[in-house]
Amino acid sequence: MGLLAEQLGVRTPSLYKHVDGQEDLNRRIATLALNEAADAVGGAVQGHAGRDALAAAAHAFRAFVLAHPGRYAATIGIEPTGPHDPLATASRRLLDSFTAVLRGYEIAETAATTEITETAETAEPHVDHALRTLRSLCHGFATLQSADAFQWSADIDESFEWLITFADYGLRAM
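This section reports on the structure supplied with the text. (Residues numbered from 1 in each chain as written. Predicted model: local features only at pLDDT ≥ 70, side-chain atom pairs only at ≥ 80, totals over all residues. Heavy atoms only, no water.)

### Quick notes on helix α6 (residues 86–102)
Helix length check: α6 (17 residues) gives 25 Å between terminal C-alpha atoms against 24 Å at 1.5 Å per residue, within 8%. Regarding α6, the residues found buried are Leu87, Ala88, Ala90, Leu94, Ser97, Phe98, Thr99, Val101 and Leu102. Tucked inside the fold, the buried residues of α6 contact α3 (22–45), α4 (50–67), α7 (126–146) and α8 (156–173). Between the side-chain oxygen of the N-cap and the backbone nitrogen of Leu87 there are 2.9 Å, and the N-cap of α6 in question is Asp85. (Helix = DSSP H or I, 4+ residues; strand = E, 2+ residues; numbered from the N terminus. Expected span 1.5 Å × (residues − 1). Buried < 20%, exposed > 50% of the residue type's maximum accessible area, 1.4 Å probe, protein only. Contact = heavy atoms within 4.5 Å. Polar contact = N/O pair within 3.5 Å; in protein donor to acceptor, adjacent residues only side chain to side chain.)

### Details of the pattern of salt bridges
Considering all chains together, one arrives at seven salt bridges under this definition. Of the charged contacts, one joins Glu36 and Arg71 as a salt bridge, the two residues approaching to 2.6 Å between their closest N and O atoms. Of this pair, Glu36 sits in helix α3 while Arg71 sits in helix α5 (residues 69–73), placing them 35 residues apart in sequence. By relative accessible area, which is 30% here, Arg71 ends up partly exposed. (Salt bridge = Lys/Arg side-chain N within 4 Å of Asp/Glu carboxyl O.)

### Structural notes on the nonpolar core
Of all hydrophobic cores here, the largest spans 38 residues; its most connected members are Val41, Phe61, Leu94, Phe98, Val101 and Leu102. Broken down by secondary-structure element, the contributors of at least two residues to this core are α3, α4, α6, α7 and α8. Top element by residues in this core is α4. It accounts for nine residues. (Core = buried A, V, L, I, M, F, W, Y, C linked by side-chain atoms within 4.5 Å.)

### Section: the packing of α3 against α6
The contact between α3 and α6 brings their axes to 8 Å, and the two run at 20°. Taken together, the axes of α3 and α6 are roughly parallel relative to one another. The handedness of the crossing between α3 and α6 is left-handed. Here α3 contributes Arg27, Ala30, Thr31, Leu34, Asn35, Ala37, Ala38, Asp39, Val41, Gly42 and Val45 to the contact with α6, which in turn contributes Pro86, Leu87, Ala90, Ser91, Arg93, Leu94, Ser97, Phe98 and Val101. (Axes fitted to C-alpha atoms, helices over the stretch in contact; angles between N-to-C directions. Parallel < 35°, antiparallel > 145°, perpendicular 65-115°, else oblique. Left-handed = near helix turned anticlockwise from the far one by under 90°.)

On their own, these measurements won't tell you what the molecule is for.
What follows is the structure, encoded as structure tokens:
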């Protein structure tokens, strides 16, 4: 907090008029980042369905992560304190944007994964698995790219289009 105060040109006690400490600051940054990502992805998917919505969401998410790698990194590993925590609301908004993409695919929201359990009450719907898969693909690619982890000669944008096509085929197969 002292370094932040110095960079802002204020005394450290002055910061505490606005935040309750490092954890509160981290939560606020994460909430800001999730809301910004939700705005970007949600705006991108409006008016699109199927592969077009998938591509729009993936590109918007990737662009956000590449433009704001530090903010996005702040969202990883931080848990909401409850359902009314602004962090939880922001997280739901982003997941809702990705869920909107999945509506363009024939994935049963109520179908149970019977290999795991026999009852629908305790089974996760397929849409949850699809959402996790989609989020993992987008998160992984964007995070690796933002860390300069793609060092080989293949064009990164082409690889990203491969990822979108791969996800589209997989979602259609479900």
